[in-house]
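Architecture at a glance
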Amino acid sequence: MKRSNRLGTGFQSNEEIRKRNTQRIKTVADRSMARVVGPRKIWSRALLFKLRNRARIQVGLRKRCLVSKKKKVLRKEKKVQVISREPNRADNLRKLVPGGDSMDICSLLEETAHYIKCLATQVKVMQSIADLYST
């Protein structure tokens with residue numbers, strides 16, 4: 001109890017614990033899927049890059065929280081109004097596929113097909129694990 005109070009976490013509800021565990025499982029599943037594919041596909045490189053950066057940021061935030069106890073100053077961000085065109089289907093697809101924002105349409109479709117196959121495999125594996133532990 002003293003340790004949790006020192007870290008500033010306090011008590012966590014079951015919902016918070018469930019959300020944290022769900023996020024951890026998703027991160028591990030994404031990381032393992034991207035590592036199996038390796039650097040051959042753009043989406044796997046983008047996903048691994050995103051996960052590495054997220055881990056570095058989290059470690060940096062933990063260190064800062066433990067080292068300094070300064071008050072945070074909230075900055076007001078200036079709103080920038082951007083006039084943009086109507087997003088088409090390819091733009092929507094680029095948002096869904098990791099690394100899709102830097103691909104041409106042919107590469108995007110090829111990477112999307114491979115990404116969907118890997119996600120389907122990931123679902124089957126996770127369902128098998130869930131079935132194993134539910135019985």
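These numbers come from a predicted model, not from an experiment.

The rules behind these values
Residues numbered from 1 in each chain as written. Predicted model: local features only at pLDDT ≥ 70, side-chain atom pairs only at ≥ 80, totals over all residues. Heavy atoms only, no water. Axes fitted to C-alpha atoms, helices over the stretch in contact; angles between N-to-C directions. Helix = DSSP H or I, 4+ residues; strand = E, 2+ residues; numbered from the N terminus. Parallel < 35°, antiparallel > 145°, perpendicular 65-115°, else oblique. Left-handed = near helix turned anticlockwise from the far one by under 90°. Contact = heavy atoms within 4.5 Å. Patch = residues over 30% accessible without salt bridge, like charges linked within 9 Å, V, L, I, M, F, W, Y side chains within 5 Å. Areas by Shrake-Rupley, 256 points an atom, 1.4 Å probe, with all protein chains shown as cover. Salt bridge = Lys/Arg side-chain N within 4 Å of Asp/Glu carboxyl O. Buried < 20%, exposed > 50% of the residue type's maximum accessible area, 1.4 Å probe, protein only. Phe/Tyr/Trp six-rings, centres within 6.5 Å; stacked < 30°, edge-to-face > 60°.

Some words on the packing of helix 2 (residues 14–37) against helix 5 (residues 105–134)
One can describe the packing of helix 2 onto helix 5 by two numbers: an axis separation of 11 Å at closest approach and a directional angle of 125°. When the axes of helix 2 and helix 5 are compared, the pair comes out oblique. Classified by chirality, the crossing of helix 5 by helix 2 is right-handed. Taken together, the residues of helix 5 that come into contact with helix 2 (itself represented by I25, A29, D30, M33 and V37) are H114, Y115, C118, L119, Q122 and M126.

A few points about a nonpolar patch on the surface
Taken together, the side chains of V125, I129, L132 and Y133 define a hydrophobic patch exposed on the protein surface, amounting to about 460 Å² of accessible area. By the secondary structure assignment, Y133 is in helix 5. According to the relative accessible area criterion, Y133 is exposed, its value standing at 67%.

A few points about the pattern of salt bridges
In this structure the tally under the stated criterion is four salt bridges. Among the ionic pairs, R18 bridges to E15, the shortest N-O distance being 2.6 Å. Of this pair, R18 and E15 both sit in helix 2, separated by three residues, roughly a single helical turn. Note on R18: relative accessible area 45%, which makes it partly exposed. With a closest N to O distance of 3.5 Å, R94 and D91 form a salt bridge. Placement of both R94 and D91 in helix 4 (residues 89–96) is noted, with a separation of three residues, approximately one turn of the helix. Since its relative accessible area comes to 18%, D91 is described here as buried.

Notes on the environment of A90
Mapped onto the secondary structure, A90 falls in helix 4. The exposure class of A90 is buried, given its relative accessible area of 16%. Expressed as a C-alpha distance, the spacing of A90 and L109, which sit 19 residues apart in the sequence, is 8.9 Å. Apart from residues lying up to four places away in sequence, A90 is in contact with I105 and L108.

Some details on the packing of aromatic side chains
The description of an aromatic ring pair rests on the distance of the ring centres and on the angle between the ring planes. In this structure the tally under the stated criterion is one aromatic pair. Seen from their ring centres, W43 and Y115 are 4.8 Å apart, and the 55° between their planes marks the pair as tilted. Note that W43 is positioned in helix 3 (residues 42–67) and Y115 in helix 5, a separation of 72 residues in sequence. For W43, a relative accessible area of 0% translates into the label buried.

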